[in-house]
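# Observations on chain architecture
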Amino acid sequence: MNDTPGWTSPGSAPSDGQDDSGVQGPPATADANGSATQWSKDQPPAGQWTSPTDRTPQPAPGQNWGTPPPHVNWGRPPAAKPGVIPLRPLGMGEILDGAVKTLRTYWRTVLSITVTVAVISQIADILAQRYLVPAAPELNPDATPAEQLEQSLDSAQASLIGLGPALLVTMMASLVSAALLTVVISRAVLGRPVSLGSAWQEARPRLLQLLGLTLLLAAMTVAIVSVGLFPGLLIGGAAGVALTFLGGLGAIVAVIWLMIRFSLSSPALMLERRGVVQALKRSAKLVQGTWWRIFGITLLTQLLIFLFAMIIAIPFTIVGIAVDGEGFEGLLSGTATTFGWPFLIVTGIGGVITSAITYPISAGVTVLLYVDQRIRREALDLELARAAGLPGYDPTPGTDTVGG
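Residues numbered from 1 in each chain as written. Predicted model: local features only at pLDDT ≥ 70, side-chain atom pairs only at ≥ 80, totals over all residues. Heavy atoms only, no water.

## Side note on the overall build of the protein chain
The secondary structure content of the protein chain amounts to 12 helices and two strands. Starting at the N terminus and ending at the C terminus, the protein chain contains elements arranged as β-β-α-α-α-α-α-α-α-α-α-α-α-α. The buried share of the protein chain, taken over its 404 residues, is 33%. Within the protein chain, contacts between residues separated by at least 24 positions form 67% of all contacts whose residues are at least 6 apart in sequence. For the protein chain, the exposed area adds up to about 23,900 Å²; of that, 65% sits on carbon and sulfur atoms. (Helix = DSSP H or I, 4+ residues; strand = E, 2+ residues; numbered from the N terminus. Buried < 20%, exposed > 50% of the residue type's maximum accessible area, 1.4 Å probe, protein only. Contact = heavy atoms within 4.5 Å. Areas by Shrake-Rupley, 256 points an atom, 1.4 Å probe, with all protein chains shown as cover.)

Given below as structure tokens:
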């Protein structure tokens, strides 16, 4: 039995006098051999068949059926966009564009954060390079590969120890910058203004937990690298060099995998107000199944940041070498590679400019990746639309960020 004219239930046989499509067909006739056919005896002359489109009535004069009225949207309605991104799953270009739009739209708040952080970091780095980092020892060209590797490791260790205070200051400044920028970007998604004071009030309660998360990730990195390098360093000799290389390569791969897996933990901690361990688990859950996509976007972002940094750093480095007479003469003679205050100050200015622009781009991509993953997995776009007070959505009182 047919429930609807012209439609047959799946799996049922056609009714009498109907074909498989459920439409009443012409009466059956017999051909010359006596077999039944579905064709009528009265056939039109050859060449007089016309397609159904030829029999379509034409529009009256003054009417145009081919073009819809301009006020009618026949396609999919565009996604709501209260802020810097549309509230739908984002492409790579939209994520980068959203980070840049945040910098342009909220430039006063963003630059007040990043310039302050960059100046503090550069001052600490200049002082460390001038007074704490030891001069690089000269390598013995007649040394064996194992001895050269040992000398290089000793030199790197001494440099890291000298740069330790500067790295600590830079890490703390970057941590505060990341926390404040996360709040700014979360407001930018909703299209809401945010001042430096309000961003600080919202980010301050989470700073200690964010510090714990940062230290935990750093400790994981150090532990993995140490495990990879220790066997080769313990053995020594040519076999130890080869084992150190392989162990270091494996450690780098493991660190990259873990860092991408936990790359969304900072936004989860700040915006969802989770603990350190819960933020790591949350990031792993959001990244699961999309590791390569997040890795590709992160890699492209870092590559663009590196190219931009080189574009800024190269002219400042050339100017620094030119104004530092002692260092310039040393380069020409090949006897000295240390530079004085003029070089450090000029290159430090270039570093401030670079960091002030690249910090918000890097933080913006991370936060928008977090938002994108939640939109794809949890329909966060509906919550964001309600939080932004868009028409057609029930507002959620007191919702200021993308946390949930």
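## Here's the deal with the pattern of salt bridges
What the rule picks out here adds up to 11 salt bridges. Ionic pairing is found between Arg282 and Glu272, a salt bridge with its closest N-O pair at 2.9 Å. Here Arg282 is found in helix α8 (residues 276-287), whereas its partner Glu272 is found in the loop between α7 (265-271) and α8, with 10 residues between them in sequence. Here Arg293 ties to Asp372 by a salt bridge, and the two come within 3.0 Å at their closest N and O atoms. (Salt bridge = Lys/Arg side-chain N within 4 Å of Asp/Glu carboxyl O.)

## Comments concerning the UniProt feature "transmembrane region" (unreviewed entry) in the protein chain
Here, UniProt's "transmembrane region" (unreviewed entry) annotation points to residues 166-190, 210-235, 241-264, 291-323 and 343-371. The distance separating the terminal C-alpha atoms of residues 210-235 is 39 Å; by composition the span is 100% helix and 0% strand. For residues 343-371, helix accounts for 100% and strand for 0%, while the C-alpha atoms at its two ends are 42 Å apart. (UniProt positions renumbered as here; feature names shortened; annotations may be inferred.)

## A look at the packing of helix α2 (residues 107-131) against helix α11 (residues 341-378)
Interhelical geometry of α2 versus α11 gives an angle of 145 degrees and a closest axis separation of 8 Å. For the element pair α2 and α11, the recorded crossing hand is right-handed. Here the contact of α2 with α11 is composed, by residue class, of 16 nonpolar, seven polar and one charged. (Axes fitted to C-alpha atoms, helices over the stretch in contact; angles between N-to-C directions. Left-handed = near helix turned anticlockwise from the far one by under 90°. Nonpolar A, V, L, I, M, F, W, Y, C, P; charged D, E, K, R; others polar.)

## Some points on the packing of aromatic side chains
Inspection of every chain in the model, using the stated rule, returns three aromatic pairs. Aromatic pair Trp291 and Phe295: ring centres 5.0 Å apart, planes at 10 degrees, arrangement stacked. Of this pair, Trp291 and Phe295 both sit in helix α9 (residues 291-323), separated by four residues, roughly a single helical turn. Phe295 gets classed as partly exposed once you look at its relative accessible area, which sits at 22%. Between the aromatic rings of Trp292 and Phe295, the centroid separation amounts to 5.8 Å while the plane-to-plane angle is 90 degrees, which identifies the pairing as edge-to-face. One end of the pair is Trp292 and the other is Phe295, both in helix α9 and three residues apart, which spans about a single turn. Following the ring pairs from residue to residue traces out a cluster consisting of Trp291, Trp292 and Phe295. (Phe/Tyr/Trp six-rings, centres within 6.5 Å; stacked < 30°, edge-to-face > 60°.)

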